[in-house]
Amino acid sequence: MRQRSPAVLQLRLWLLAVSVWPAFLGVLAADLSKEPFTIRISCGSFDDVRTSPTNTLWYRDFGYTGGRFANATRPSFIIPPLKTLRYFPLSDGPENCYNINNVPNGHYQVRLFFGLLDNPNLDSEPIFDVSVEGTLFSSLLLGWSSDDEKTFAEALVFVQDSSLSVCFHSTGHGDPSILSIEVLQIDDDSYNFSPSWGKGTVLRTAKRLKCGSGKPAFDEDLHGISWGGDRFWLGLQTLSSSSDDQSISTENVIAETLLAPNFYPQSLYQSAIVGTDRQPSLSFEMDVTPNKNYSVWLHFAEIDNGVTAEEQRVFDVLINGDTAFKDVDIIRMTGERFTALVLNKTVAVSGTTLKIILQPVKGTRSIISAIEVFEVIPAEKKTLPQEVSALRTLKGSLGLPLRFGWNGDPCVPQQHPWSGVDCQFDNNKGNWIIDGLGLDNQGLRGVIPGDISKLQHLQSINLSGNSIKGNIPTSIGTISALQVLDLSYNELNGSIPESLGLLTSLQILNLNGNRLSGRVPANLGGRPLHRARFNFTDNAGLCGIPGLRECGPHLSVAAKIGMAFGVLLAILFLVVFAACWWKRRQSILRAQKLAAAREAPYAKSRTQFTRDVQMTKHQRPSESS
């Protein structure tokens, strides 16, 4: 090795101390003061499960919004040895989610393993999409179950509201199925790839390779620490299909490993792939989604016994033909052999291939220890929370069928909005809003909740052709942007709220075919003169506008109740009066009869005496003559 002056050595030691000390403090802060938040869920399991060889704890199934329990098959050796899964029939809705609450805000590695139903009568390989926190990050395509790397999906995401949602979106090809979910907290600054990195981005793990070893491994197998997550590294002994490269390894200690924020384990750098005299360059190629940005992380350590000094191995790194790193000299850049070096570059890819070439420019052949590739996905903005809450209330109040789903976020991912919900992005609020509801002819049988007024951005509501009962909520009159309100052909009763007359933007109002009663509000009756189209027909109890019957004196509800109470009292008074009169009449008649019965002999004798007197008077003149 080339000799260095003591001053140069002291400077390098000082620089090393300055660079390592904050990272060392980061290790202490992350490793000693607290443990990262971790949840592992064994989907479809009724009990907590521990798996060998590390005795890892998997919690019993919780946090789901639908689905069925089933036994699972294991299409890949990577999948943890779990025996159950949860699957989501399309009859339960196109979107189903796991909602995990009480998750501390921070940065998380979210990993999902997929399995197949152990049932020959069901589709053995479903095709579906997966989102985390409303951002679509994985699509399972035909043949995934026969490719080990595709039996799991992983994303790095920020949790900002103390809850995490993972949703499965049916594409109509089989029933989505999930074997396990892992939520592993990592350093808040991990994989900081550029100034555009942050809470507005999600990183999807596209590739993670440990070079020079054919044995796959998790961080735990490589003696990593928890704050690095538990990354899975697919072992790779050669980058070339023609074996024009070779593997090397060492047992030497590797410096500058397990450092914040990514905490790469030492074992990652104790093996490598190097070029040969026949082919000194190294080349790696993978399929990617076109027109996306990819963050590439390359890992190196000089472990080749044939390279002991600077300038003995110098190479360029080209990504899709462009020079990403020029004159890479590992010993010069790290200061010593057996020291980890990590290089990161984010590139825009227009085609379907990402190709990395390590091309020697001086000295011996190229070398590489590990490769990580992440797709950079802009995180979706969510729907306003109060509007999501209002829709969930509406779902329960109207008794929406399971086939609607309505799980997760109504508007994101944009590829899978809720059925019957129209969304619009509000640039001022920085959130999605709901501007339309179309639930006509869906067999709904509930009532319209007052909370519908929380959907303050609605321009159209169509609930026609259902069997909705109850009153029209007065609160609808506060949705000032409403232009269309169609509640026709339901079973609504009561009166039309006066508040609907406050909807100055209303152009179409269909209330026909219900059981409404009372006077149509005056401020609605004249609206058709202003090009609005209102329909109140087929409501036997409505009155007060042309086309409907005439109304009598308009009385308030209180007046109507008072009148009814007065009539009831009058009727009661008449009944009581009639009963008293009848009772008194009966008493009089009874008394008369009783008196007649008692006085009958006296009356008879008196009548006879009178007749005798009269006869005597008539006879006296004749006697005198």
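In the nomenclature of an unreviewed UniProt entry, the protein chain corresponds to Malectin-like domain-containing protein from the organism Panicum virgatum. Recorded in UniProt for the protein chain, the comment headed Subcellular location (unreviewed entry) runs: "Membrane".

Q: Could you give an account of the layout of surface pockets, naming the residues involved and the relevant values?
A: By volume, the largest pocket amounts to about 1,200 Å³. Along the walls of the largest pocket sit 38 residues, with F137, S139, R204, T289 and E375 positioned nearest its centre. Tallied by class, residues from the lining of the largest pocket come to 18 nonpolar, nine polar and 11 charged. Its boundaries defined by the atoms lining it, the second largest pocket holds a volume of some 710 Å³. As for the second largest pocket, its lining consists of 33 residues, of which E133, D161, S165, K382 and D409 are closest to the centre. For the lining of the second largest pocket, the secondary-structure elements that each account for two or more residues are β6 (95–101), β11 (152–159), β12 (163–173), β15 (201–211) and α3 (385–398). Sort the elements by how many residues they give to the lining of the second largest pocket and β12 lands first, with five residues.

Q: Before we move on, can you summarise empty space enclosed by the protein with the specific residues and values?
A: A full pass over the atoms with the stated rule returns two cavities of 30 Å³ or more. Its volume calculated, the largest cavity comes out at about 70 Å³. Around the largest cavity sit Q109, E154, L156, I186, S190, Y191, R208, W227, G228, R231, P261 and N262, which together line it. Quantified by volume, the second largest cavity comes out at close to 30 Å³. Lining the second largest cavity are H107, L156, F158, W197, T201, V202 and L203. Going through the elements one at a time, β11 and β15 are the ones with two or more residues in the lining of the second largest cavity.

Q: Please give an account of the environment of K83 that cites residues and values.
A: With respect to the element layout, K83 can be found in the loop between β4 (68–73) and β5 (84–87). The exposure class of K83 is exposed, given its relative accessible area of 69%. Through-space distance from the C-alpha of K83 to that of D118 is 9.7 Å; in sequence the pair is 35 residues apart. For K83, the residues in contact, after removing those within four places along its chain, are N71 and A72.

Q: Break down the pairing of strand β14 (residues 180–186) for me, with residues and values.
A: Counting buried positions along β14 gives seven out of seven residues, so the element sits mostly inside the fold. Alternating residues of β14 divide into S180, E182, L184 and I186 and I181, V183 and Q185, and every residue in both groups is buried. Both strand β1 (residues 38–42) and β14 contribute to a ladder of five bridges, which runs antiparallel. Directly across from T38, in β14, lies its bridge partner L184. The pairing of strand β7 (residues 106–113) with β14 spans seven bridges and is classified as antiparallel. Considered in β14, the bridge of F113 is made with S180.

Q: With reference to specific residues and values, describe the side chain of D61.
A: One can find D61 in the loop between β3 (56–58) and β4. Residue classification places D61 among the buried residues on the basis of a relative accessible area of 10%. A distance of 2.8 Å separates polar atoms of two side chains, one belonging to D61 and the other to R86.

Q: Describe the confidence of the model for the protein chain, with residues and values.
A: For the protein chain, the average pLDDT comes to 87, and 87% of its residues sit at 70 or higher. Long-range and interchain partners of residues 1–32, a stretch whose pLDDT sits below 50, account for 29 contacts in this model, where long-range means more than four residues apart. Segment residues 602–607 is flagged for pLDDT under 50; beyond a separation of four residues in sequence, or across chains, it makes zero contacts in the model.

Q: Tell me what's going on with the sheet that holds strand β26 (residues 367–368), and back it up with residues and numbers.
A: Overall, antiparallel pairing links the three strands, which are arranged β18-β19-β26 in an open sheet. One side of each edge strand has no neighbouring strand; the edge strands of this open sheet are β18 (245–249) and β26. As paired strands, strand β19 (residues 271–275) and β26 are joined by two bridges and run antiparallel to one another. Paired with V274 across the bridge in β26 is I367.

Q: Quick one: what's the story with the environment of P378, residue by residue and with numbers?
A: Relative to the helices and strands, P378 resides in strand β27 (residues 370–378). With 177 residues separating them in the primary sequence, P378 and T201 have C-alpha atoms 4.6 Å apart.

Q: Account for the packing of aromatic side chains, naming residues and giving values.
A: Inspection of every chain in the model, using the stated rule, returns 21 aromatic pairs. Between Y64 and Y98, the aromatic rings sit 6.4 Å apart at their centres with planes inclined by 75°, giving edge-to-face as the arrangement. One end of the pair, Y64, is in the loop between β3 and β4; the other, Y98, is in strand β6, and 34 residues separate them in sequence. Here Y64 falls in the partly exposed class, since its relative accessible area comes to 38%. With centroids separated by 5.7 Å and ring planes inclined at 80°, the aromatic side chains of F114 and F128 adopt a geometry described as edge-to-face.

Q: Tell me about the pairing of strand β9 (residues 127–132), residues and numbers included.
A: The element β9 is extensively covered by neighbouring structure, given that six of its six residues are classed as buried. Here β9 shows two buried faces, one formed by I127, D129 and S131 and the other by F128, V130 and V132. The pairing of β9 with β12 spans six bridges and is classified as antiparallel. In the strand pairing of β12, D129 is matched with H169. Relative to strand β10 (residues 135–139), β9 runs antiparallel, the two sharing four bridges. Following the sheet pairing, D129 is matched in β10 by S139.

About the criteria used
- Residues numbered from 1 in each chain as written.
- Predicted model: local features only at pLDDT ≥ 70, side-chain atom pairs only at ≥ 80, totals over all residues.
- Heavy atoms only, no water.
- UniProt positions renumbered as here; feature names shortened; annotations may be inferred.
- 1 Å grid on protein atoms, 1.4 Å probe; cavity = no way out; pocket = protein on both sides within 12 Å on 5 of 7 lines; lining within 4 Å.
- Points joined across faces, edges and corners; volume = space filled by probe spheres on them.
- Nonpolar A, V, L, I, M, F, W, Y, C, P; charged D, E, K, R; others polar.
- Helix = DSSP H or I, 4+ residues; strand = E, 2+ residues; numbered from the N terminus.
- Buried < 20%, exposed > 50% of the residue type's maximum accessible area, 1.4 Å probe, protein only.
- Contact = heavy atoms within 4.5 Å.
- Pairing = 2+ DSSP bridges.
- Polar contact = N/O pair within 3.5 Å; in protein donor to acceptor, adjacent residues only side chain to side chain.
- pLDDT = per-residue confidence, 0-100.
- Phe/Tyr/Trp six-rings, centres within 6.5 Å; stacked < 30°, edge-to-face > 60°.

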